[in-house]
Amino acid sequence: MSYPYAMESSVRVFAPATVANVGCAYDILGFALEAPGDEVCISLSTEPGVRITAISGDGGRLPRASNQNTAAVAVQAFLRQIPLEQGVEIEVHKRMPLGSGLGSSAASAAAALHGINYLAGTPLSQTELIPFAMEAEKAACGSAHADNVAPALLGGFVLLRSYEPLDVVPLPPPPNLYYTVVHPEIELRTEDSRRILKKEILLKDAVVQWGNIAGLITGILQKDLDLIGRSLNDILIEPERSLLIPGFESVKLAALNAGALGCSLSGSGPSLFAFSASLQTSQAIGTAMGSAFADLGIKTQKFSSLINCSGPTLIKPSTHRAA
Ligand code: HSE
């Protein structure tokens, strides 16, 4: 089968970091950030196979093997459905911390998938790329959850209504909803912070969590920021994972005192996120959270913006196809 290839044989793609879970919605909701994110340069090659040719920004820690690196795993999964005659070379430029709870592995996979789909002539939609990125998540942390990869590929908020079958529901963000993300210089492996979670929950706790998830989704759809804030209450996962983050309670309190609508862990942590109704407030929240971590001697990176609605973007198509 042949596809209407793009004119280029090489493309550079940015894909965003993401906040998964969004408080109470463990494994089923995420949103995309304007920054940080990863860049991937992906090129068609006369040499068969999928190869990682360079990685920068990881301190030499990411796997180069194409059955372990998330960008390569995702591209190989894509090629099983959309075979190409050429091989593929991938450069990964990490522009975000590893083990941060900001969807680092998902950003690389999303960028690589957007790039290979573009070079193949865009045979698949962004939504159709999600299962390939889930294979990469499984390689990275043992679990094929999609609450990072789906918003990294689609932008905005994305609800995973179901995994079997996969049912992906994009949700447009309220136009005046700002995020603050604070990344403390601590590293947590997603695999570890999933393993510590209790496997069973009480029905009475599930009822509280269901109410908050329903309130959060309704708040997003009705653009009701107060309802979003009231619903950002995770009584199941946050109490267990927050124990892994020094100063979690004081940092969360600092965010709320600085005007946050709500605050919780970003993905599996250690980053935290907060929502607010203006850029100024979101920056003040970042400063307050950063100070609370600094009181414990922990350095931070801070990011504030409206939610990213674009998903991955092409940075620089290059090298025109020779024939
Ligand atoms: N939903 C996932 C978790 C996101 O909380 O473990 C981390 O990748």
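Residues numbered from 1 in each chain as written. Predicted model: local features only at pLDDT ≥ 70, side-chain atom pairs only at ≥ 80, totals over all residues. Heavy atoms only, no water.

(A) Fine view of the site of the ligand. If you check the shell around the ligand, you find Ala20, Asn21, Tyr26, Asp27, His145, Asp147, Asn148, Thr190, Arg194, Arg241, Gly267 and Ser268 and nothing else. Asp147 is positioned such that a nitrogen or oxygen atom in its side chain is 2.7 Å from a nitrogen atom of the ligand. In the environment of the ligand, an oxygen atom lies 2.7 Å from a nitrogen or oxygen atom belonging to the side chain of Arg241. Surface burial for the ligand is 96%, taken as the share of its 260 Å² of free accessible area covered by protein chains. Spatially, the ligand is embedded in the largest pocket. Of the residues that constitute the shell around the ligand, the class distribution is 2 nonpolar, 6 polar and 4 charged. A domain-level breakdown of the shell around the ligand finds at least three residues from each of domain 1 (10–172 + 309–315) and domain 2 (178–306). (Near = heavy atom within 4 Å. Polar contact = N/O pair within 3.5 Å; in protein donor to acceptor, adjacent residues only side chain to side chain. Areas by Shrake-Rupley, 256 points an atom, 1.4 Å probe, with all protein chains shown as cover. 1 Å grid on protein atoms, 1.4 Å probe; cavity = no way out; pocket = protein on both sides within 12 Å on 5 of 7 lines; lining within 4 Å. Sits in = over half its atoms within 2 Å of the grid points. Nonpolar A, V, L, I, M, F, W, Y, C, P; charged D, E, K, R; others polar. Domains from an automatic or database assignment.)

(B) The sheet that holds strand 8 (residues 262–265), seen in detail. Judged by pairing direction, the sheet is antiparallel, and its 4 strands sit side by side in the order 8-9-7-10 without closing on themselves. Taken across any chain shown, the strands that pair with only one partner, and hence form the sheet edges, are strand 8 and strand 10 (300–306). Across the sheet, the axes of successive neighbouring strands diverge by a mean angle of 15°, strand direction being ignored. Of the pairings in the sheet, the one linking strand 8 to strand 9 (residues 272–276) comprises 4 bridges and is antiparallel in character. Looking across to strand 9, one finds that Gly262 is bridged to Phe275. Packing of helix 9 (residues 248–257) onto the sheet brings it into contact with strand 8 and strand 9, and relative to strand 8 it is tilted by some 150°. The sheet strands contacting helix 10 (residues 279–294) are strand 7 (178–184), strand 8, strand 9 and strand 10, and the helix crosses strand 7 at an angle near 20°. (Pairing = 2+ DSSP bridges. Helix = DSSP H or I, 4+ residues; strand = E, 2+ residues; numbered from the N terminus. Axes fitted to C-alpha atoms, helices over the stretch in contact; angles between N-to-C directions. Contact = heavy atoms within 4.5 Å.)

(C) The pairing of strand 7, seen in detail. For strand 7, the buried fraction is high: 7 of the 7 residues fall into the buried class. Of the two faces of strand 7, both are covered, the one formed by Tyr178, Thr180, Val182 and Pro184 as well as the one formed by Tyr179, Val181 and His183. Bridge count for strand 7 against strand 9 is 5 bridges, and the pairing is antiparallel. Bridge pairing links Thr180 to Ala274 in strand 9. Sheet analysis places strand 7 next to strand 10, joined by 7 bridges and oriented antiparallel. The partner of Tyr179 across the bridge, within strand 10, is Ser305. (Buried < 20%, exposed > 50% of the residue type's maximum accessible area, 1.4 Å probe, protein only.)

(D) Looking closely at the domain arrangement of the protein. With domains assigned, the protein is organised as domain 1 (10–172 + 309–315) and domain 2 (178–306). If you average the C-alpha positions of domain 1 and of domain 2, the two centres end up 24 Å apart. Between domain 1 and domain 2, the contact holds 32 residues from the first and 37 residues from the second. Regarding the contact of domain 1 and domain 2, the summed buried area is about 2500 Å², with carbon and sulfur atoms giving 65% of it. The tally of links from domain 1 across to domain 2 stands at 2 salt bridges. Summed over the shared surface of domain 1 and domain 2, the result is 13 residue pairs in polar contact (both at pLDDT 80 or more). Elements with a contribution of two residues or more to the side of domain 1 that touches domain 2: strand 1 (8–20), strand 2 (29–45) and strand 5 (157–163). With 7 residues, the single largest contributor to the side of domain 1 that touches domain 2 is strand 2. Class assignment for the residues of the side of domain 1 that touches domain 2 results in 21 nonpolar, 8 polar and 3 charged. (Buried area = accessible area lost by both parts, 1.4 Å probe. Salt bridge = Lys/Arg side-chain N within 4 Å of Asp/Glu carboxyl O.)

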